[in-house]
Amino acid sequence: MTEALEIRNLHVAIEDNEILKGVDLVVKQGEIHALMGPNGTGKSTLAKALLGHPDYEITAGEILFKGENIIEMDVDERARLGMFLAFQYPVAIPGVSVANFLRTAINAHRKAADPEDKGISIPDFRTLLKAKMDLLEMDHQFAGRYLNEGFSGGEKKRAEILQLATLEPAIAILDETDSGLDIDALRIVADGVNSLAGPDLGVLIITHYQRILNYIKPDFVHIMLDGRVAESGGPDLAEHLEEHGYNWLREKQSKATAG
Ligand SMILES: Nc1ncnc2c1ncn2[C@@H]1O[C@H](COP(=O)(O)OP(=O)(O)OP(=O)(O)O)[C@@H](O)[C@H]1O
Ligand SMILES: [Mg+2]
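Residues numbered from 1 in each chain as written. Chains lettered and ligands numbered in written order. Predicted model: local features only at pLDDT ≥ 70, side-chain atom pairs only at ≥ 80, totals over all residues. Heavy atoms only, no water.

Peer 1: What's the story with the nonpolar core in this structure? I'm lost.
Peer 2: Side chains that are nonpolar tend, in soluble globular proteins, to be buried together. In this structure, Leu129, Phe142, Leu162, Ile205 and Ile212 are the most contacted members of the largest nonpolar core, which totals 47 residues. When residues no more than four places from it in sequence are discounted, the contact partners of Ile212 are Glu176, Leu186, Val189, Ala190, Ile205 and Thr207. The next biggest cluster of nonpolar side chains, apart from the first, holds 29 residues, and it includes Leu10, Val12, Leu35 and Met224. (Core = buried A, V, L, I, M, F, W, Y, C linked by side-chain atoms within 4.5 Å. Buried < 20%, exposed > 50% of the residue type's maximum accessible area, 1.4 Å probe, protein only. Contact = heavy atoms within 4.5 Å.)

Structural data, given as structure tokens:
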């Protein structure tokens, strides 16, 4: 069965300031969606609301995942259901290797699904991790590094993509608006998404860098303006943006409001 993340008329406020003003978006397994838009239009706010960040108050609308309303769920419950948010664990964890971190994450998911689960065995985990690292063409040594400690931007992205590969979520939300993202880091994310794309994975990649779309071919492109998805289309929409910027859309929107 194909599962979906469905965002319906979502309104989100931060300290009584309405930032999202009715977002509608559906991402299904097997689809790659790119969400673009100028700075400050609410893209990261959407990602944080999907994550369940406590500062972001949902004032109206729904977020359904696998048909369940997830608004009241905490971030762990959302993750166990099969939602992956790239910036879930951005902190450095001293003394915890990438491999140990991933094994703990897998075991937490398994235990949530079945309280009797004894966790993945070390040999099975090694086999799984190796297979995923080979799929992503990663050096196996990377698994022994301490999580985020002294990681470059690219290495952080590599850890993120490896986490995505091992957790096998139904829907992944990647907020790539980080201005520290250099071209190498961008490629790591793009290559990772391309290697992992398939019928079981749905991706919502958020970016204001058109450049990433030179490497990832999304099935759908959405543009957010002023807290709403103002336009949706295919990959040609990203090309149109590259050529014309966002002003045509602003004009179109103000004409629609005026008329
Ligand atoms: N924690 C916060 N407190 C107050 N205002 C916030 C907070 N987070 C976001 N905002 C405001 O909400 C609006 C949308 O910000 P958001 O970060 O969602 O934009 P964005 O589309 O992700 O931009 P960018 O392309 O620069 O990443 C901005 O006006 C921002 O100042
Ligand atoms: Mg942002």
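Still to come is the rest of the account.
Peer 1: I'm lost on the sheet that holds strand S10 (residues 228-233) in this one. Help?
Peer 2: Across the sheet, which stays open at both edges, the six strands sit in the order S6-S7-S8-S3-S9-S10 with mixed pairing between neighbours. Only two strands of the sheet have a single neighbouring strand rather than two, namely strand S6 (83-85) and S10. Here the average twist between neighbouring strands, direction ignored, is 20°. Both strand S3 (residues 32-36) and strand S9 (residues 220-225) contribute to a ladder of four bridges, which runs parallel. (Pairing = 2+ DSSP bridges. Helix = DSSP H or I, 4+ residues; strand = E, 2+ residues; numbered from the N terminus. Axes fitted to C-alpha atoms, helices over the stretch in contact; angles between N-to-C directions.)

Peer 1: Any chance you could explain the side chain of Glu6 here in plain terms?
Peer 2: On the secondary structure map, Glu6 appears in strand S1 (residues 4-14). Among the residues examined, Glu6 registers a relative accessible area of 19% and is labelled buried. In terms of polar contacts, Glu6 uses its side chain to reach the side chain of Arg8, at 2.5 Å. Dropping the residues within four chain positions of it, Glu6 is found in contact with Leu25, Val26, Glu62, Ile63 and Leu64. (Polar contact = N/O pair within 3.5 Å; in protein donor to acceptor, adjacent residues only side chain to side chain.)

Peer 1: Sorry, what's going on with a negative patch on the surface here?
Peer 2: A cluster of acidic residues, Glu15, Asp16, Asp55 and Glu57, forms a negative patch at the surface. For Glu57, the location among the structural elements is in strand S4 (residues 57-65). Overall, the relative accessible area of 45% leaves Glu57 in the partly exposed class. (Patch = residues over 30% accessible without salt bridge, like charges linked within 9 Å, V, L, I, M, F, W, Y side chains within 5 Å. Areas by Shrake-Rupley, 256 points an atom, 1.4 Å probe, with all protein chains shown as cover. Salt bridge = Lys/Arg side-chain N within 4 Å of Asp/Glu carboxyl O. Lys, Arg positive; Asp, Glu negative; His and termini not counted. Charge placed at Lys NZ, Arg CZ, Asp CG, Glu CD.)

Peer 1: What is the right way to look at unusual backbone geometry in this model?
Peer 2: Outside of glycine, negative phi angles account for most residues, and trans bonds account for most peptide bonds. Residue Asn9 is not a glycine yet carries a positive backbone phi of 45°. The class for Asn9 is partly exposed, based on a relative accessible area of 39%. At Asp226, a position not held by glycine, the phi torsion is positive, near 45°. Here Asp226 is to be found in the loop between S9 and S10. Assessed through its relative accessible area of 44%, Asp226 is described here as partly exposed.

Peer 1: Help me understand the pairing of S4 in this model?
Peer 2: Working note: regular strand, side chains alternate between the two faces of the sheet. The pairing of S1 with S4 spans seven bridges and is antiparallel. Paired with Glu6 across the two strands is Leu64, which belongs to S4. As paired strands, S4 and strand S5 (residues 68-69) are joined by two bridges and run antiparallel to one another. Its bridge partner lying in S5, Phe65 is registered against Glu68. What sits between S4 and S5 in their antiparallel hairpin is a turn of two residues, with Lys66 showing a positive phi close to 55°.

Peer 1: Help me understand the environment of Gly233, please; the structure alone is not making it clear to me.
Peer 2: Topologically, Gly233 is positioned in strand S10. The partly exposed category is assigned to Gly233, whose relative accessible area is 23%. Distance in space between the C-alpha atoms of Gly233 and Ile223 is 8.9 Å, their sequence separation being ten residues.

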